[in-house]
Amino acid sequence: MRISRTWAIARKEFIHIYRDSRSLALVILMPALLMILFGYAVTLDVKKVSMAVLDHDRTQTSLDFIQRFSASPYFHLRFFVRDEKEMERLIDQGEVKIGLVLPWDFSKTIKAEKLVPIQALIDGTDSNTANIILGYAQAIARQYTQEKTILKVTRMGMQNLSLPLEGRPRVWFNEDLESKNYFVPGLVAVIMSIVGVLLTGQVIVREWEQGTMELLISTPVRKGELMMGKLFPYFFLGLLDLSLAVLMGKWVFQVPLRGSVVLLFLLSSIYILVALSLGLIISTVSKTQLLANQMAMILGFLPTFLLSGFTFVISNMPLWLQVITYGVAPRYYVTILKEIFLKGVGFSFLWRETLVLIVMAMTGLWVATKSFKKELR
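A short tour of the structure in this document, coming up. (Residues numbered from 1 in each chain as written. Predicted model: local features only at pLDDT ≥ 70, side-chain atom pairs only at ≥ 80, totals over all residues. Heavy atoms only, no water.)

**With respect to the side chain of Ser 62**
At step 1: As for its placement among the helices and strands, Ser 62 is situated in helix α3 (residues 60-70).
At step 2: With sequence-adjacent residues up to four places away left out, Ser 62 is seen in contact with Asp 55, Asp 57, Leu 102 and Phe 106. (Helix = DSSP H or I, 4+ residues; strand = E, 2+ residues; numbered from the N terminus. Contact = heavy atoms within 4.5 Å.)

**Re helix α10 (residues 223-252)**
At step 1: When the terminal C-alpha atoms of α10 are compared, their 43 Å separation across 30 residues agrees well with the 44 Å that a helix rising 1.5 Å per residue should span.
At step 2: Gln 254 sits one or two residues past α10 and shows a positive phi near 55 degrees. (Expected span 1.5 Å × (residues − 1).)

**Describing the sheet that holds strand β1 (residues 49-55)**
At step 1: Sheet architecture is open: four strands sit in the order β2-β1-β3-β4, paired in mixed fashion. A strand with exactly one partner marks an edge of an open sheet, and here the two such strands are β2 (75-80) and β4 (119-122). Across the sheet, the mean angle separating the axes of adjacent strands is 25 degrees when strand polarity is ignored.
At step 2: Inspection of the sheet shows strand β3 (residues 98-102) paired to β4 by four bridges, in the antiparallel sense. Of the residues in β4, the one forming a bridge with Leu 100 is Ala 120.
At step 3: In the packing of helix α4 (residues 84-92) onto the sheet, contacts are made with β1, β2, β3 and β4, and the angle to β1 comes to roughly 170 degrees. (Pairing = 2+ DSSP bridges. Axes fitted to C-alpha atoms, helices over the stretch in contact; angles between N-to-C directions.)

**Quick look at unusual backbone geometry**
At step 1: Here Lys 48, not a glycine, exhibits a phi torsion of approximately 55 degrees, which is positive.
At step 2: Position of Lys 48 relative to the elements: it lies in the loop between α2 (21-41) and β1.
At step 3: Of note in this structure, Arg 58 is not a glycine but carries a positive phi near 55 degrees.
At step 4: With respect to the secondary-structure elements, Arg 58 resides in the loop between β1 and α3.

**Quick notes on the pattern of salt bridges**
At step 1: Per the counting criterion, the structure on display carries nine salt bridges.
At step 2: The salt bridge involving Glu 225 is made with Arg 5; its shortest N-O contact spans 2.8 Å. On the criterion of sequence distance, the pair formed by Glu 225 in helix α10 and Arg 5 in helix α1 (residues 3-19) is long-range, its members being 220 residues apart. Note on accessibility: Glu 225 and Arg 5 belong to one class, buried.
At step 3: Across the pair Glu 147 and Arg 68 runs a salt bridge whose closest N-O atoms are separated by 2.8 Å. Linking Glu 147 in helix α6 (residues 127-155) with Arg 68 in helix α3, this pair joins segments that are 79 residues apart in sequence.
At step 4: Taking the relative accessible area as the measure of exposure, Glu 147 reaches 35% and is therefore partly exposed.
At step 5: Several salt bridges share partner residues, and in doing so they unite Glu 13, Arg 206 and Lys 230 into one network. (Salt bridge = Lys/Arg side-chain N within 4 Å of Asp/Glu carboxyl O. Buried < 20%, exposed > 50% of the residue type's maximum accessible area, 1.4 Å probe, protein only.)

**Some points on the packing of aromatic side chains**
The geometry of two aromatic rings is summed up by the distance between their centres and the angle between their planes.
At step 1: Applying the stated rule across the entire model yields 16 aromatic pairs.
At step 2: Between the aromatic rings of Phe 75 and Tyr 136, the centroid separation amounts to 6.4 Å while the plane-to-plane angle is 80 degrees, which identifies the pairing as edge-to-face. Remark: Tyr 136 occurs in helix α6 and Phe 75 occurs in strand β2; sequence separation between them is 61 residues.
At step 3: Summarising the aromatic geometry, the rings of Phe 305 and Phe 310 are spaced 5.6 Å apart at their centres and angled 70 degrees between planes, so their arrangement reads as edge-to-face.
At step 4: The class of Phe 305 is partly exposed, set by a relative accessible area of 23%.
At step 5: According to the relative accessible area criterion, Phe 310 is buried, its value standing at 0%. (Phe/Tyr/Trp six-rings, centres within 6.5 Å; stacked < 30°, edge-to-face > 60°.)

In short, shape yes, function no, at least from these values alone.
Have a look at this one:
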């Protein structure tokens, strides 16, 4: 293999990418756009939930209970309604996410130290948000009940009452529970898949469609040199996009990068090889660029987005689908990204994922080489 011939093919591919506005958009604009969308628009945080209250009691005791919700950072009290129909209308129109209904005898029952039923009407169109809102409401109600219980016991003559348990939760690695800290590291895998699979999926089929593959075959360039020259520019662009994503995550979205940057780039290079080999296989199998794009989306982008643990927790999936994810390379890469970004772990904790990616990269390159040589016969 001669470096000069390989570099000539790579230089040709660089020039093509530079002249192709669509390729440049995928390389530069798409990663930045995805980072901005997921960093700002996509969030699992539930705060300032719009709320309406139907207070049948209208006493100082009921207002004190309602004030617990309005003082919370998780609720935003917008309406005091007069009847159930108005409450139903607000929920139906999406004006509020939760409606709180206090009974007529709320204060009397509290003073009588009896159980008071409180109705919470929650918009369940988004089940995840509804569960979070329900948890917030129940936490406030429990705290109110606890305070009333302590007050009751104190009045009975027991001084210096202390609770048997005191929970002191401490969240590790994502202390503020920010969604961007969860999404941005995994988004790097999506960007790598776009560059590696979608762009590389065009390199061979494009030459056949444009009629330039026969010219390349007739030159002294060997098949191995041609393949390496075709893949090198996209490997370089993958590292370039990785740098862009890391810089935006660190300095724009303030996502912590606690691990080694060198380790991150080394392990990412292995995943880029996996993506490039898959893209090259798609490019040699496909007969048209349209088919190559469709196969790249199905085999590259969608598994990264849906089956890698990037957006959905794998342990919550059906068992048969969990088994399938073990054959999806982005599953291991997403784990590596989150471990390095948020936990700051080293290679000693990531050797299993690294070994799997190395095996996948070697297997993919071997299959891609066989398919590539067969295509050029």
